[in-house]
Structure formats: structure tokens, C-alpha cells
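Examination of the molecular architecture
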Amino acid sequence: MAMRPYQYHAVEAIIDRVQNTMKNGYIWHTTGSGKTLTSFKASQVLVKLPKVHKVVFVVDRRDLDAQTIQEFEAFQSGCVDSSDNTEILVQQFTDTFRDPGTKEPKDTPLIVTTIQKLNNAIKNTRFQQRMAPLRDKRIVFIFDECHRSQFGETHERIKDFFQKHQLFGFTGTPIFAENANRNEQGLRTTKDLFDECLHKYVITDAIRDQNVLRFSVEFNKVFRQKLESISDVKVQAIDTKEVFESDEWVETVVNYLIEHHDRKTHHRFFSAIFCVSSIPMLIKYYDLLRKKREEGKHDLRIATIFSYGVNEEIDEETGEIADFNIPDEGHVDKHSRSKMDEYIQHYNEQYKTDFSTKDGLKFYNYFLDIGKKLKNREKETFDDRDRIDILLVVNMFLTGFDAKKVNTLYVDKNLKHHGLIQAFSRTNRIIGEKKTHGFIVCFRNLKLATDDAVKMFSNKTPVEEILLEPYEHYAGLFKLALEALKAIAPDVDSVNDLLTEEDELEFVKAFRQLARLKTILSGFDEFDLEALGISEQEFVDYQSKYLDLYQKVKHDNQVQKESILKDIDFEIELIQRVEINVAYIMRLLGELYASKAKEKEQKMKEIMDLLGGEIQLRSKRELVEKFIREQLPKIKDAEDIPYAFKSFWTLERQDAFTKLYQQEDLKPDVVEDAIGEYLYTGRRPLPNTIYKMQNKPSSFLERSAKAERIVGKIEEFVEKFEDGVGVRRFDLAGLRQFPPDLNQISACLRQVNV
């Protein structure tokens, strides 16, 4: 399996660290970016280094132990021997392990194990004599999801025992000072444990590269009729335990699930996870859903799993999501266990299985079977009778679990920081065009927590890059797109009357935009196609014409000429990406302007880092820095920043344009037209256009090289001043003074409201 560039760079960083230092480090690659493959490739190279004795891949959850081994084996069969108990792990460490089948000695340079077994191997006195020779061996440890249990005494014990250790962590949600939780070791961050970050690939990188999907987050106000005073903000100020745990609350949320689940999941083509605040609340939700199913009010397939141990409740304020746990017999909550057995029996009846809580293995197999049913839905051989529509959980399956056919997360639970991003990320794996984003439906006021978490873990793009806009935003765009479509083809029959292939192209582009917006809007509760100005039948009829053109381009072998429609990607259900524009830059400059004097340099560095890391803005970084240095200190009112920036941009563009046509001795009006055509069509200027813009045509030998140079300069100009910024060009001809100053341009901009 080929690695993506960011995976390659991460592996290179780890290898360099091992070859040239004894330092540790961690890799920050967002959830869903393929950390297992990255860690495997790093391990594969590291085990071949002469100085490395063993590479140990460490996980801290039993579900990830099995899943990781399976994925490692998929990459290279036989590369990993799983250790079922600590004795086998010690044998692997001491090179005394024998193949269970052949009884032949088996070399184990790469070990996959859990942190609990690793802790036992170095702590238990029965293993100490055999493990002692490893103290001075060069051991490289790679930790999957490097937080939670690694933050306790075990981490320190590993470092103390292995004198020549190197520790490398992989995480999609690092622990920073802001989201650190206190344990027996105090407040600990990922950097405290693993030293510096060696490579970053954050959630906005993955969304930009289309490796994961964005999130559509909805905040629902429960009890609308009783809280008229807060109609402008959903779920505002509803924070009492009494309200959250009331029967009325549960009834309202359950009715919402029954009414809207099919819409969210494309009529159950996808599955959903519903996470709630506690086991007692889960029991209330499950029992009511079960009751309504028996009453014939829905036929959703509901399943659940939770731990039934004593004191399993987790403080919601920490944002931490607890790991999978099988309680021992001495620490069991009898009521919770009784309920879990009752629900497992429902599961057994529905899916013809035989699970229970009578022993740890049967309960663990129940856990695995749920995961298998969710993951296997993406396979063509999946039997739909095995599907789970909604899985109710408190903590399980919210971390370390990937299923592409899960597209919705219902939330009646306080989430924050890394726990929030991990839970949300259960929904954003890519699978086909029907899944355009992950749906998050919140019944708690998580707006601020969501914004904070997105900012924390995206690092270099604003919240808007990940979250979808409100329904009204897309409804407005849909109406504009519909107007554009009707301008080209007022009714369905008029599509047949389009005279040229260019006209057909415009229709294709217009309908594709409309279809994309409909796909996004269809996931919102407010969606009503008729209210947006077109009936379902009319939309389908237009779609039929659209598909007719598809057939014409793809299957008409009679056509001899090259069709321009072949350059069009026929998409009906693909999401449109958010464009970074001038508003984004204004927001950054406003934050810088408002910052305190002692914070300005640091804030400016952050902005420059953000611009340098975003490919659309990298070419503009120098100009933005110039504006900050030269013009921002002169501004007296923050409201003047947009006008001053547009004025500055206009002057810089004019200066760059003048240099372009003067240095190449070109006709400015022809160059301007060529730039406009390039912006409109996206096509590079043709050789004939380049020839027309030259005052003195080149010789035959120089013609090709000069044309390519001019085209390159035009592309650089467009990338720098036009792409992704959208500052309207301003006509300087009416200004008497030339070159004009910023104040003149700003005054004119205000007059025409540019």
C-alpha cells in the first residue's frame, strides 16, 4: 500500500530521530488519516536498523489490540505475533517464543501488545530475572493514541526499566496545557511524555485533501414551546441535571430520532451512534425506544453496550472518554448488569447470537460482534438483516473505532476538547458520493465547546473550514443556483433547445451546482424542496436531462470531435468545499489589531504560520506581512481595516500588473483581457493570445520559450492577486494623482461600497 506524502514525512522524521539521536517524539496525524499504516511503515524500517533490538507497538485498549494486529497483518502477513498473555509477551521479548503450530522458534523483532501486559512484564517479580537483560538493549516503543493510560505510573515505569528506550507516540488529538487533566502525576501534556512533535497533519489538512469529510453540526433546542425567551439560541442555558434527566426530555429526543433518523442516514443506508451522559440515562433511552418499537411506532434496529462496573460514571467536565472495560466480579453494579443482560438477550433474539455477561469472554465477544456489524456494512457481501441502525453508548465506540457506514452521531452528553473531536470523528470516514459529511446532532449546548475543540485541533484554519454553515446559508445559495439554472433553461423541455455545446456546458455546470446544494440541504430538518422553489418531480426531470448529456459524452462513439464536456466531472452528490477568501484575511487582521502590544509579534507570527501552511494563501503571505508592517499601525479604527486592505491590495496589484507588461513589453489591455479570460475559464492563455499581446513579436526560435515565460508570469499573478482572495479590482483611472495613495482609494471604495 502506497503512503501519502504526509505519512512518508512522518516516517522519515521518526527514522531520522532513531538514527541520529536518543530523543523521543510524537506524530500528530488527525483521526482517519491512516496512522496505523504510518506506524507500520516506521516499524518496518526500524526493525531493520542494526542498532535497534526490538520495536514494540503499544496500544491501551483491547479492541485496538485486535484491530491493530488485523490491520498490521493485512499490510504484511505474518509480521506480527499477538501476545495473548504476559508470559507470551516475555517470550517474545527474550527470543524464546515458539510458533504454536509448528513449535519452531520464531523471531519477533516486532511486537504488538497492550500497555497493561507491558506493565505486568516489567513489574511482576516472576518475570524480572528473564527481562533483566533487556534493560540495556535499544528498544523503540511506538504508542498508538499516546494519551490516557500512558499518563500514569506505567509510563514512568517503562522509562525507568528500559535504559536505552526511545518512545514515539501517534495521536490525532494531542493533550495540550489547555486540555490536560490531572492524575497522580499532575497535569501532563503529550509533549511532557514524548518530547517535541515531529510531524503534523491536522484535521483541516485531511479535509482539504479529501481524506476525511467535514462535519455538519446541529444544535437542537429541546422543549421549544416552554422556552420562548431563548428562541434565538438553541439549547441556551438548559444546563440543569433535572432537565436533562426528565422523562419529558427523553420522550422529546426519542421522538426526534424516530422522526428524523431516516433523513439523516439516507433511509438507513448508513448507521448512527447515540452517545448519552450516563448508564441510567442510556437505560431510560433504550427502554423507551424498545417500548415504542413494540407499540409499532418505529422499526429501527437498536443495540447498546456499556460497562456494568461500580463507579463507572465519568466526570463530564474533563472531556475524557473512558476505555472499554470488563468489570471483575467484585466490582459489579447488579442493576446495570441485569439491564445489560436484558439488552443482550434482545440482541441475541434479533441477530441469532448467544452472548451474555456471564463471563468476560462472552461479553468481550459481544463487543466485537457489534463492531463487526457496523464495520462490515461497507462490504458488498453484507446481509442487511445484520445491520444496526442506532447504537446507544455512554463511552464505548467513541474512540479508536472506524466504520465508514456510520454517518451520524446523536449527542446528549457533555463533550469537550479531544473527547469531542474523537467522538465527532466516528462519522467522517469517506465512502462514496452519497456520504458528503458527518452529521452531528446535539441535544446539549455544545456550540462553544465545539468551536474551542475545532480551533485547538485544526491549528491553522478557522472553525468555518470544518463546520457547515446554517441551513439558511445554503437555502439562499440554492435559490440563486436555481435562478441561474432557469436563466439557461427556463423549463425542462428547453434543455432540448440548447443550440451549442457551450450552452450544454453551462447547463451542466448550473445543474451540478444545484444538485450539490440539494445534497447538503437534504440532511437538515428544515429541508423542503417545494419551499425552495422547485418540485421534486421538476428536479428529477432536470436531472434526467443532465444524465442524458452524460450519456452523450461518455457513450456516443459516433462523435468524432473532442467534446469540451469531457472536461466536466459529472457529480450529483459531491460537497462543495469552503473557499478561503478576503473575509478570512480580514478576520485574522482584526484579531491582530485588537491584540495587546506585547502580544502583537506572537500573534503576527501565528498569522504568518497560518498563511504559510495554507496552500491557497501561501503566495499572498509576503503581501499580507507588508500590509501588517506598513499599514496596520496607521489605522485608527478597526472598521477601516477592510477598506485599507482593499486599497493596499489594489495598489499592489496595479504595481505588479505594470511590472508584468513593462518587463515583457506587452500590450496592457490585451494582458488584462487574457487574465480575465483565464479567471473565467481556468484555461491557460493560448499561443495565439500571447502572440497578440506582444508589442514586438519574438523570433521563431525564441517564440516558444518566451510564450511559456509569459504564461508562467500570468499564472503567478493570478495565484497571488486573484485566487482565493476575491478582492474586487478597482478602476484607478478616475483618480487624478498617480500613483494614488491609500486614503484616496479608501474614500472611493466607501463611496461605491466595494
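That block above? That's the structure.
To keep things clear, this report deals only with the structure shown in the data block. (Residues numbered from 1 in each chain as written. Predicted model: local features only at pLDDT ≥ 70, side-chain atom pairs only at ≥ 80, totals over all residues. Heavy atoms only, no water.)

Across its full length, the protein holds 27 helices and 15 strands. Here the protein, with 754 residues, has 52% of them falling under the buried criterion. For the protein, the share of sequence-separated contacts (at least 6 apart) that also reach a separation of at least 24 residues comes to 77%. About 36,000 Å² of surface is accessible on the protein, with carbon and sulfur atoms providing 48% of the total. (Helix = DSSP H or I, 4+ residues; strand = E, 2+ residues; numbered from the N terminus. Buried < 20%, exposed > 50% of the residue type's maximum accessible area, 1.4 Å probe, protein only. Contact = heavy atoms within 4.5 Å. Areas by Shrake-Rupley, 256 points an atom, 1.4 Å probe, with all protein chains shown as cover.)

Those residues of helix α22 (residues 621-630) that sit buried are Leu623, Val624, Phe627 and Ile628. In a view along the axis of α22, the buried residues occupy a sector of 140°, so they form one face of it. (Arc of directions from axis to C-beta.)

Ranked by size, the top nonpolar core spans 103 residues in total, and within it Met131, Phe141, Phe162, Phe274, Tyr285, Phe397 and Phe424 carry the most contacts. When residues of this core are assigned to their parent elements, the largest contribution, 8 residues, is made by helix α12 (residues 279-294). Not counting the four nearest positions on each side in its chain, Phe424 is found in contact with Phe215, Val217, Leu409, Val411, Leu415, Ile440, Cys442 and Thr450. If you look at the next biggest cluster of nonpolar residues, it comprises 30 residues, including Ile628, Leu632, Phe657 and Tyr678. (Core = buried A, V, L, I, M, F, W, Y, C linked by side-chain atoms within 4.5 Å.)

In terms of burial, helix α4 (residues 86-93) is largely enclosed, as 7 of its 8 residues are buried. Within α4, the full set of buried residues consists of Thr86, Ile88, Leu89, Val90, Gln91, Gln92 and Phe93. Once α4 finishes, Asp95 follows within two positions and takes phi at roughly 60°, a positive value.

Between helix α11 (residues 247-264) and α12, the least distance of the axes is 10 Å, while the angle of their chain directions is 55°. As the angle between them shows, α11 and α12 are arranged oblique. Crossing angle aside, the handedness with which α11 passes α12 is right-handed. Taking contact as the criterion, the partners of Asp247, Trp249, Val250, Glu251, Val253, Val254, Asn255 and Ile258 in α11 are, on α12, Met281, Lys284, Tyr285, Leu288, Leu289 and Lys292. For the contact of α11 with α12, the class distribution of residues is 9 nonpolar, 1 polar and 4 charged. (Axes fitted to C-alpha atoms, helices over the stretch in contact; angles between N-to-C directions. Parallel < 35°, antiparallel > 145°, perpendicular 65-115°, else oblique. Left-handed = near helix turned anticlockwise from the far one by under 90°. Nonpolar A, V, L, I, M, F, W, Y, C, P; charged D, E, K, R; others polar.)

What follows covers the environment of Lys405. Here Lys405 lies in the loop between β13 (390-393) and β14 (406-412). Of the residues examined, Lys405 reaches a relative accessible area of 9% and is grouped as buried. Once the C-alpha coordinates of Lys405 and Glu378 are considered, the two residues, 27 residues apart in sequence, prove to be 5.9 Å apart. Not counting residues within four places of it along the chain, the set of residues in contact with Lys405 comprises Phe269, Phe270, Ser271, Arg377, Glu378 and Ile431. Only 3.4 Å separates the side chain of Lys405 from the backbone oxygen of Arg377, close enough to count as a polar contact. (Polar contact = N/O pair within 3.5 Å; in protein donor to acceptor, adjacent residues only side chain to side chain.)

Note on strand geometry: in a regular strand, side chains alternate between the two faces of the sheet. The buried fraction of strand β4 (residues 110-114) amounts to 5 of the 5 residues, a majority that puts the element mostly inside the structure. Residues Leu110, Val112 and Thr114 line one face of β4 and the alternating positions Ile111 and Thr113 line the opposite face, and both faces are buried. Pairing analysis gives 5 bridges linking strand β2 (residues 54-59) to β4, with the strands arranged parallel. Note on β4: the bridge partner recorded for Val55 is Leu110. (Pairing = 2+ DSSP bridges.)

Close approach of charged atoms lets side chains of opposite charge pair. Here the structure, examined in full by the defined rule, presents 32 salt bridges. A salt bridge links Arg290 to Glu294; its shortest N-O distance comes to 3.3 Å. With a gap of 4 residues between them, Arg290 and Glu294 both fall in helix α12, about one helical turn apart. For the salt bridge of Arg385 with Asp383, the shortest nitrogen-to-oxygen distance reads 2.7 Å. (Salt bridge = Lys/Arg side-chain N within 4 Å of Asp/Glu carboxyl O.)

Summarising burial for strand β5 (residues 138-144): 7 of the 7 residues are buried, a large majority. Burial along β5 is two-sided: the residues Arg138, Val140, Ile142 and Asp144 and Ile139, Phe141 and Phe143 are all buried. As paired strands, β2 and β5 are joined by 5 bridges and run parallel to one another. When the sheet's bridge partners are listed, Val55 is paired in β5 with Val140. Pairing of β5 with strand β6 (residues 164-171) involves 7 bridges; the strand directions are parallel.

The sheet built from 6 strands is open, its strands ordered β10-β15-β14-β11-β13-β12 with parallel pairing. Two strands bound the open sheet, and with one partner strand each, they are β10 (215-219) and β12 (302-304). Here the strands of the sheet are splayed against their neighbours by 20° on average, with no regard to which way each runs. Inspection of the sheet shows β10 paired to strand β15 (residues 438-442) by 5 bridges, in the parallel sense. Looking across to β15, one finds that Phe215 is bridged to Gly438. Where α11 meets the sheet, its contacts fall on β10, β11 (271-276), β13, β14 and β15, and the angle it forms with β14 comes to roughly 165°. The strands that α12 touches are β11, β12, β13 and β14; relative to β13, the one it contacts most, it runs at about 150°.

The next point concerns the environment of Ile388. Relative to the elements of secondary structure, Ile388 occurs in the loop between α14 (360-375) and β13. Measuring from C-alpha to C-alpha, the distance between Ile388 and Ala272 comes to 8.2 Å, with 116 residues separating the pair along the chain. The contact partners of Ile388, leaving out residues within four places of it in the chain, are Ser271, Arg301, Ala303, Tyr347, Tyr351, Ile370, Lys373, Leu374 and Arg377.

Its identity as a non-glycine residue notwithstanding, Lys103 has a phi of 65°, on the positive side. Within the fold, Lys103 resides in the loop between α4 and β4. With relative accessibility at 53%, the residue Lys103 sits in the exposed group. With phi around 55°, His267 is a residue other than glycine that occupies positive phi space.

A few words now on the packing of aromatic side chains. Evaluated as defined, the whole model comprises 31 aromatic pairs. Judged by centre distance (4.7 Å) and plane angle (50°), the ring pair of Tyr347 and Tyr351 falls under tilted. Of the two residues, Tyr347 and Tyr351 both sit in helix α13 (residues 334-351), 4 residues apart, roughly one turn of that helix. An identical accessibility class is assigned to Tyr347 and Tyr351; each is buried. Joined through ring pairs, the aromatic side chains of Phe93, Phe141, Phe143, Phe161, Phe162 and Phe194 make up one cluster. Positioned above the aromatic ring of Phe269 is the side chain of Lys405, whose terminal nitrogen or guanidinium carbon lies 4.0 Å from the ring centre. Above the face of the Phe269 ring, Lys434 is positioned so that its terminal group lies 4.3 Å from the ring centre. (Phe/Tyr/Trp six-rings, centres within 6.5 Å; stacked < 30°, edge-to-face > 60°. Lys NZ or Arg CZ within 6 Å of the ring centre and 35° of its normal.)

Looking now at the side chain of Arg377. Within the secondary structure, Arg377 is located in the loop between α14 and β13. From its side chain, Arg377 meets the backbone oxygen of Phe270 in a polar contact 3.4 Å long. Aside from chain neighbours lying at most four places away, what touches Arg377 is Arg268, Phe269, Phe270, Ser271, Phe382, Asp384, Arg387, Ile388 and Lys405.

With their axes 9 Å apart at the nearest point, helix α1 (residues 5-20) and helix α2 (residues 35-46) run at an angle of 35° to one another. Crossing of α1 against α2: the hand is right-handed. Across the interface between the two elements, Gln7, Ala10, Val11, Ile14, Ile15 and Val18 from α1 touch Leu37, Thr38, Lys41, Ala42, Val45 and Leu46 from α2. Of the residues that constitute the contact of α1 with α2, the class distribution is 9 nonpolar, 2 polar and 1 charged.

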